[in-house]
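# Coordinate inspection notes
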Amino acid sequence: MPAESSSVSQSTPTSSSSSSSSSPSPPPHRLADLRWSTAEVRMAETSDSSVRQRCFKKISVEGNIACGKSTLVKVLQKLRPNWHVVPEPLEKWQNVVGRESGSMPAEMGAASNLLGLRLGDPKRWAYTFQTWATLSRLHIALAASHPPERHTVYERSVYSNRYVFAASLHEQGSMNDTEWVVYQEWQGWLLSELDKRVELDGMVYLRAEPEACLARMRVRNREEERGVGLEYLDALHKRHENWLVDRTTVVHHPCSSDTPVLVLDANQDFESNEELQAELINQIEDFLDKI
Ligand SMILES: Nc1ncnc2c1ncn2[C@@H]1O[C@H](COP(=O)(O)OP(=O)(O)O)[C@@H](O)[C@H]1O
Ligand SMILES: Nc1nc2c(ncn2[C@H]2C[C@H](O)[C@@H](COP(=O)(O)O)O2)c(=O)[nH]1
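Residues numbered from 1 in each chain as written. Chains lettered and ligands numbered in written order. Predicted model: local features only at pLDDT ≥ 70, side-chain atom pairs only at ≥ 80, totals over all residues. Heavy atoms only, no water.

Scanning the protein from N- to C-terminus turns up ten helices and six strands. Across the 291 residues of the protein, 49% fall into the buried class. Residue pairs in contact within the protein that sit at least 24 positions apart in sequence constitute 80% of those at least 6 positions apart. Total accessible area on the protein is roughly 13,600 Å²; 52% of this is exposed by carbon and sulfur atoms. (Helix = DSSP H or I, 4+ residues; strand = E, 2+ residues; numbered from the N terminus. Buried < 20%, exposed > 50% of the residue type's maximum accessible area, 1.4 Å probe, protein only. Contact = heavy atoms within 4.5 Å. Areas by Shrake-Rupley, 256 points an atom, 1.4 Å probe, with all protein chains shown as cover.)

Right under this line is the structure:
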């Protein structure tokens, strides 16, 4: 990968969806809140599209495992407290709780750590993980699309779920052809129905060498990721590059190959460098102004 600081690889604007509500912060997320009536969904869609102001943007921060997304997102929360920052729902993957009380018997214990199951036995759990990850991401994306009259920054998206992770799991044989087709069909249909509500105005790609990600992952030392090696990080890196840099990944509505992408060099150590952090945040702010 050539050394670089940052670049906006596309600048074609896409439509955005802001919301009309003025609540200062979103309600806490519970999967039980997913039980929307059709009428509620229609109302939200109507108010979304009627208030389509272009000033408040929805973007995601994308990048390989341990490239520094959570670290950047925390910096964003600190330096831009008026932005709505949505971290990845990791704890929902590490502790699966059902919508109905009592649907997960207490004695299941470790069986509720879906991230651990998926990394321990990919063939058995990859498809299940993809459905749960999509569900939890959609939940926070839809919840967040209501209140904020401010920029919203998601840590990853339903799009990396498909074009990076699911595609890679299928390629490596962890999802068979039938699971891959079924996943793509319902995921594609659902997102296209949700349309503007899940569309992004732009994406920030934290681009880091897989070797750097591996080193950081080892330092972070998340128990479930002990078996993750360079080969998997390499495969994910290539998927990110094809999708966000080369733009050769075939994407489906409401994802677009025209969605602007800001590429940031995440090889540099911004964690302990406040000057660099401020510079990165300024670049993201400029990007939001441009798209
Ligand atoms: N730019 C950086 N330089 C060096 N270490 C970093 C950097 N960004 C994050 N880290 C460290 O690397 C590990 C993974 O970072 P994290 O933000 O959790 O990655 P991600 O959310 O992308 O998986 C953490 O231990 C973090 O402290
Ligand atoms: N199979 C999938 N795994 C995913 C997805 N989104 C995240 N992940 C995994 C990767 C990491 O092990 C862990 C957290 O990711 P970070 O990069 O934030 O550390 O979850 C997905 O959609 N599918």
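As a further point, take the packing of aromatic side chains. Pairs of aromatic rings are described using the distance from one ring centre to the other and the angle between the two planes. The final tally for this structure, using the stated rule, is four aromatic pairs. Measuring from ring centre to ring centre gives 5.4 Å for Trp93 and Phe129, while their planes differ by 70°; the resulting arrangement is edge-to-face. Of this pair, Trp93 sits in helix α3 (residues 90–94) while Phe129 sits in helix α5 (residues 122–144), and the two are 36 residues apart along the sequence. Each of the two residues, Trp93 as well as Phe129, counts as buried. Ring centres 5.7 Å apart and planes at 75° place the aromatic pair Tyr183 and Trp186 in the edge-to-face group. Linking Tyr183 with Trp186, this pair stays in helix α7 (residues 177–194), spanning three residues, or about one helical turn. (Phe/Tyr/Trp six-rings, centres within 6.5 Å; stacked < 30°, edge-to-face > 60°.)

Right, let's get into the UniProt feature "active site" (unreviewed entry) in the protein. Feature annotation in UniProt assigns "active site" (unreviewed entry) to the following positions: Glu155. If you trace the backbone, Glu155 turns up in strand β4 (residues 152–155). The buried category is assigned to Glu155, whose relative accessible area is 5%. Apart from the residues lying within four places of it in its own chain, the contact partners of Glu155 are Val61, Lys69, Ser70, Val73, Val86, Pro87, Glu88 and Arg137. A polar contact of 3.0 Å, which involves the side chain of Glu155, links it to the backbone nitrogen of Glu88. (UniProt positions renumbered as here; feature names shortened; annotations may be inferred. Polar contact = N/O pair within 3.5 Å; in protein donor to acceptor, adjacent residues only side chain to side chain.)

A separate point is the site of ligand 2. Lining the immediate environment of ligand 2, one finds 19 residues, of which Lys69, Glu88, Gln130, Arg156 and Glu225 sit closest. Arg118 has a polar side-chain atom sitting 3.2 Å from a nitrogen atom of ligand 2. Gln130 is positioned with one of its side-chain polar atoms (N or O) 2.7 Å from a nitrogen atom of ligand 2. In isolation ligand 2 offers 490 Å² of accessible surface; the protein chains occlude 98% of this area. Most atoms of ligand 2, that is more than half of them, are within 2 Å of grid points of the largest pocket. Grouping the constituent residues of the shell around ligand 2 by class yields eight nonpolar, two polar and nine charged. (Near = heavy atom within 4 Å. 1 Å grid on protein atoms, 1.4 Å probe; cavity = no way out; pocket = protein on both sides within 12 Å on 5 of 7 lines; lining within 4 Å. Sits in = over half its atoms within 2 Å of the grid points. Nonpolar A, V, L, I, M, F, W, Y, C, P; charged D, E, K, R; others polar.)

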